Amino acid sequence: MRRPPAHPEARARPVRRVALIAKLGPAEGPRLARELAAWLRGHAVEVIFDEETARALSEEDGLPAERLPAGLDLAIVAGGDGTLLRVARAAAPRGIPVLGVNFGSLGFLTELQPDEIYRGLEAVLDGAYRLEERQMLRVRYERAGHAAQEYLLLNDAVVTKGALARMIELLVFVDGEEIARYFSDGLIVATPTGSTAYNLSAGGPILDPRMRAFVIAPICPHTMTYRPLVVPESVTIEVRLGRAVEEVYLTLDGQIGLPFGASDRVRLEAHPDPVRLVRVTGRSFFEILRRKLRWGER
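Residues numbered from 1 in each chain as written. Predicted model: local features only at pLDDT ≥ 70, side-chain atom pairs only at ≥ 80, totals over all residues. Heavy atoms only, no water.

Asks: Explain the pattern of salt bridges to me, and be specific about the residues and the numbers.
Replies: A pair can form between side chains of opposite charge whenever their charged atoms are brought close. Evaluation of the coordinates by the stated rule reveals 24 salt bridges. Across the pair arginine 89 and aspartate 253 runs a salt bridge, and its minimum N-O distance is 3.1 Å. Within this pair, whereas arginine 89 is found in helix H3 (residues 81–91), its partner aspartate 253 is found in the loop between strand S16 (248–252) and strand S17 (256–259), the two being separated by 164 residues in sequence. Neither arginine 89 nor aspartate 253 differs from the other in exposure class; each is buried. (Salt bridge = Lys/Arg side-chain N within 4 Å of Asp/Glu carboxyl O. Helix = DSSP H or I, 4+ residues; strand = E, 2+ residues; numbered from the N terminus. Buried < 20%, exposed > 50% of the residue type's maximum accessible area, 1.4 Å probe, protein only.)

Written out as structure tokens, the structure reads:
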């Protein structure tokens, strides 16, 4: 029996209703959001905004970016990879495709550069695009005496020591089996998409984002026998603190920070809902690696 492809691509669909979320720190944010909204409305597309973008543009009825409504055909993110990470967490469970529009340098996740925006949008409205599915990570954070909190991530979950803490001891289990007792500055569990983020800086491998796997990478381990480990998406990973130390934190996608104590634990597994990224330029992941990281150059 023939196995299904490891990285299915969803079909394009007509675009009639769009959410527009902009990074508002740089001056380009509000300006680009206003221009994009005017262009979309001129092409008979309904545009809604998140609360912050609506306020910046003096628009009414902005919605929380973390609670995108059902029935959207597309979420357009004007900013960088960080803004797209935030939107991806809300879009994935609702099956809303995400299109990243970058202000400046080429991003790993954002698709359109400034000189490509309107040509790319015309192609999207014509249905000449594809949807690339990226694996998401489900994190269950359990504190002693508290109900478990659940988070959906695209990049990574990181356990790290505070500024003054000593090296920490972390116990890692895969499907209930203890695989390692790390003495290190911390630990990263990354998706294939997140493999080019903190994991890469910590010496972990680059994974093709079409893969279905996780990287478990120690941060500055005490011994060279600790190496990054790649495990299949089907497993459940559990991380515990081996001994009590001061100031240990759990950071999710680099945007959510939580304290991590001796009686706490975090469970990580593949989320059933992927995020669907709109691809219209034809750039491959390896082209982005070459251009952004000068990967493979001598």
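Asks: Please set out the sheet that holds strand S7 (residues 137–142) residue by residue, giving values where relevant.
Replies: If you walk across this open sheet you meet the six strands as S8-S7-S18-S15-S10-S11, and the pairing is antiparallel. Of all strands in the sheet, those with a lone pairing partner are strand S8 (149–153) and strand S11 (177–184), marking the two edges. Mean inter-strand twist for the sheet, computed between neighbouring axes without regard to direction, equals 20 degrees. In this sheet, S8 lies alongside S7 in antiparallel orientation, the contact comprising five bridges. Bridging from a neighbouring strand, arginine 140 pairs with glutamate 150 of S8. (Pairing = 2+ DSSP bridges. Axes fitted to C-alpha atoms, helices over the stretch in contact; angles between N-to-C directions.)

Asks: Residue-level account of helix H6 (residues 285–293), with values.
Replies: Note: α-helices contain 3.6 residues per turn, so residues at a spacing of three or four share the same orientation. By the burial criterion, the buried members of H6 are Phe285, Ile288 and Leu289. Buried residues along H6 cover an arc of 105 degrees about the axis, so they all sit on one side. Of the residues trailing H6, arginine 294 is marked for its positive phi of about 55 degrees. (Arc of directions from axis to C-beta.)

Asks: How would you explain unusual backbone geometry if you had to name every residue and give the values?
Replies: The backbone of serine 58 shows a phi angle near 60 degrees, a positive value even though the residue is not glycine. Mapped onto the elements, serine 58 comes out in the loop between helix H2 (51–56) and strand S4 (74–79). Even without being a glycine, aspartate 61 presents a positive backbone phi close to 60 degrees. Mapped onto the secondary structure, aspartate 61 falls in the loop between H2 and S4. Of the residues examined, aspartate 61 reaches a relative accessible area of 67% and is grouped as exposed.

Asks: Hey, could you go over the packing of aromatic side chains for me, with residue numbers and the actual values?
Replies: Scanning all chains against the criterion turns up three aromatic pairs. Where tryptophan 39 meets tyrosine 118, the ring centres are 5.7 Å apart and the plane angle is 45 degrees; that geometry is what we call tilted. One end of the pair, tryptophan 39, is in helix H1 (residues 28–42); the other, tyrosine 118, is in helix H4 (residues 117–125), with 79 residues separating them in the sequence. The exposure class assigned to tryptophan 39 is buried, which follows from its relative accessible area of 15%. Over the ring of phenylalanine 173 we find arginine 240, and its NZ or CZ is 4.4 Å from the ring centre. (Phe/Tyr/Trp six-rings, centres within 6.5 Å; stacked < 30°, edge-to-face > 60°. Lys NZ or Arg CZ within 6 Å of the ring centre and 35° of its normal.)

Asks: Please provide a residue-by-residue account of the pairing of strand S15 (residues 237–241), values included.
Replies: Most of S15 sits inside the fold, with four of its five residues counted as buried. In the sheet, strand S10 (residues 168–174) pairs with S15 via five bridges, with the strands oriented antiparallel. Within S15, the position partnered with leucine 170 by the bridge is leucine 241. As defined by bridge partners, S15 adjoins strand S18 (residues 265–270) across four bridges and the pair is classed as antiparallel. Bridging across to S18, isoleucine 237 finds its partner in leucine 268.

Asks: How would you summarise the sheet that holds strand S14 (residues 229–232) if you had to cite specific residues and measurements?
Replies: The strand order across the open sheet built from six strands is S14-S13-S12-S9-S16-S17, with neighbouring strands paired in antiparallel fashion. Only two strands of the sheet have a single partner each, and these edge strands are S14 and S17. The mean inter-strand angle of the sheet, taken between neighbouring strand axes irrespective of direction, is 20 degrees. Taken together, the four bridges between strand S13 (residues 213–219) and S14 define a ladder with antiparallel strand orientation. Bridge pairing in S14 places valine 215 opposite valine 230.

Asks: Quick rundown of the environment of alanine 54? Include the residues and the values.
Replies: With respect to the helices, strands and loops of the structure, alanine 54 is situated in helix H2. Residue classification places alanine 54 among the buried residues on the basis of a relative accessible area of 2%. Distance in space between the C-alpha atoms of alanine 54 and glutamate 132 is 28 Å, their sequence separation being 78 residues. Excluding its chain neighbours within four sequence positions, the residues that come into contact with alanine 54 are Phe49, Glu59 and Gly62. (Contact = heavy atoms within 4.5 Å.)

Asks: Now, about H3: what can you tell me, with residues and values included?
Replies: The buried fraction of H3 is high, at eight of eleven residues. Among all positions of H3, only Thr83, Leu84, Leu85, Val87, Ala88, Arg89, Ala90 and Ala91 are buried. At its buried positions, H3 is contacted by strand S2 (17–22), S4, strand S5 (98–102), S8, S17 and strand S19 (275–279).

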